[in-house]
Amino acid sequence: AKTWGGVPGPLSVYAKSIPKVLATVRIHNEFDQDISNKEGARIFSGNNIAYVDSGFFSLFNYRFLEGRPETAFPSYNSIILTLSTAAKLFGSDGGGYHDAIGKVIEFRKEPFTVTGVLDDFPENSSLQFDAIFPMAYYAKQFTGWGGNGDWKTIDADLGNFAFNTFVSCSQALVLSKQESVFPRPTKRPEMAILKPNSAYKAWHRFIWWERMEIRPH
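Now for a look at the structure at hand. (Residues numbered from 1 in each chain as written. Predicted model: local features only at pLDDT ≥ 70, side-chain atom pairs only at ≥ 80, totals over all residues. Heavy atoms only, no water.)

Observations concerning the overall build of the protein
Helix and strand counts for the protein come out as four helices and twelve strands. Across the 217 residues of the protein, 45% fall into the buried class. Of the roughly 11000 Å² that the protein leaves accessible, carbon and sulfur atoms contribute 50%. (Helix = DSSP H or I, 4+ residues; strand = E, 2+ residues; numbered from the N terminus. Buried < 20%, exposed > 50% of the residue type's maximum accessible area, 1.4 Å probe, protein only. Areas by Shrake-Rupley, 256 points an atom, 1.4 Å probe, with all protein chains shown as cover.)

In structure tokens:
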């Protein structure tokens, strides 16, 4: 069977209906992106950016140097920068990250307001981003582009395997050929036992499950 590096957006929606699931978070990342300050005087390429669901900063406890996780995304055009990215954009003469909140940067010819600055991601983390945008912005853009055929929203699009999806659960989940706590639009996944107090990547041959990561709470 063909496998993909991500799963469709609706898988997160399905998972929320399961009693054992506490939270789900989708991440859609894009590489080699250009970001500049408002004046365009400082343009930096090669950035790894991510669009994340609003619960991202609740599921992951990354350290905020400026701003707060509760108010990370007050609008579609909000952006969270890492310490290194903020330093590149604003530098010592621009106040550095201490003065980054409220400043405007440009991304794809659109203005975004800085609403937070994160410490750089740990080197041993599988998540490595230079800037983070709200998933709501990506969802708005997706619908504005006309969607994907008959699917007009990311919550309905079963044809786009672009999301790394993380799940926080309250107890052990057993996924087997006999039992699955997840709704499945296609074949059943192979066996994967997820025990409390540990975290396993649920790697399966079947495309619907290839990048679902489950983290017992």
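Thoughts on the side chain of Ser78
Checked against the element boundaries, Ser78 lands in strand E4 (residues 78–82). Among the polar contacts made by the side chain of Ser78, one reaches the main-chain carbonyl oxygen of Ser75 at a distance of 3.0 Å. The contacts of Ser78, once residues within four sequence positions are left out, are Ala72, Phe73, Phe112, Thr113, Thr115, Ile132, Phe133 and Pro134. (Polar contact = N/O pair within 3.5 Å; in protein donor to acceptor, adjacent residues only side chain to side chain. Contact = heavy atoms within 4.5 Å.)

Considering the environment of Ala100
Within the secondary structure, Ala100 is located in the loop between helix H3 (83–90) and strand E5 (104–107). C-alpha of Ala100 to C-alpha of Ile80: the two residues are 20 residues apart in sequence and 10.0 Å apart in space. In this structure, Ala100 is in contact with Phe90, Val114 and Val117, ignoring residues within four places of it in sequence.

Some points on the packing of aromatic side chains
The full count for this structure, using the stated rule, is 18 aromatic pairs. Look at Phe112 and Tyr137: their rings are 5.1 Å apart centre to centre, the planes differ by 80 degrees, and that puts the pair in the edge-to-face class. Highlighted residues: Phe112 in strand E6 (residues 110–118) and Tyr137 in helix H4 (residues 135–144), separated in sequence by 25 residues. Residues Phe112 and Tyr137 agree in their burial class; the two are buried. (Phe/Tyr/Trp six-rings, centres within 6.5 Å; stacked < 30°, edge-to-face > 60°.)

Quick look at the pattern of salt bridges
Overall, the coordinates contain six salt bridges when judged by the stated rule. Taking the shortest distance from any N to any O, the salt bridge between Asp53 and Arg26 comes out at 3.0 Å. Note that Asp53 is positioned in the loop between strand E2 (43–52) and helix H2 (56–59) and Arg26 in strand E1 (residues 21–37), a separation of 27 residues in sequence. Across the pair, exposure class does not vary: Asp53 and Arg26 are buried alike. One salt bridge connects Arg26 with Asp155, and the closest N-O pair in it is separated by 2.8 Å. Note that Arg26 is positioned in strand E1 and Asp155 in the loop between H4 and strand E8 (164–169), a separation of 129 residues in sequence. Judged by its relative accessible area of 6%, Arg26 is buried. We classify Asp155 as partly exposed; its relative accessible area is 41%. Linked by salt bridges that have partners in common, Arg26, Asp53 and Asp155 make up one network. (Salt bridge = Lys/Arg side-chain N within 4 Å of Asp/Glu carboxyl O.)

Remarks on H4
Taken together, the buried positions of H4 are occupied by Met135, Tyr137, Tyr138 and Phe142. Along the axis of H4, the buried positions cluster into a sector of 155 degrees, meaning they face one direction only. Buried residues belonging to H4 abut E1, E2, E6 and strand E7 (131–134). Among the residues trailing H4, Gly146 stands out with phi positive, at a value near 105 degrees. (Arc of directions from axis to C-beta.)

Comments concerning the environment of Phe163
When you line up the elements, Phe163 lands in the loop between H4 and E8. By relative accessible area, which is 1% here, Phe163 ends up buried. Setting aside chain neighbours within four positions, we find Phe163 in contact with Gly6, Val7, Pro8, Gly9, Arg26, Ile27, His28, Met135, Tyr138 and Ile154.

Observations concerning unusual backbone geometry
Even without being a glycine, Asp32 presents a positive backbone phi close to 55 degrees. Looking at where Asp32 falls in the secondary structure, it is placed in strand E1. Although it is not a glycine, Arg108 sits at a positive phi angle of roughly 55 degrees.

Structural notes on the side chain of Asn48
Mapped onto the elements of the fold, Asn48 is located in strand E2. On the accessibility criterion, Asn48 (13% relative accessible area) is buried. Polar side-chain contacts of Asn48 include one of 2.4 Å to the backbone oxygen of Gln128. Sequence-distant contacts of Asn48, that is, excluding residues within four places in its chain, are made with Asn29, Glu30, Phe31, Gln128, Phe129, Asp130 and Ala131.

Just distances and angles here, no functional claims.
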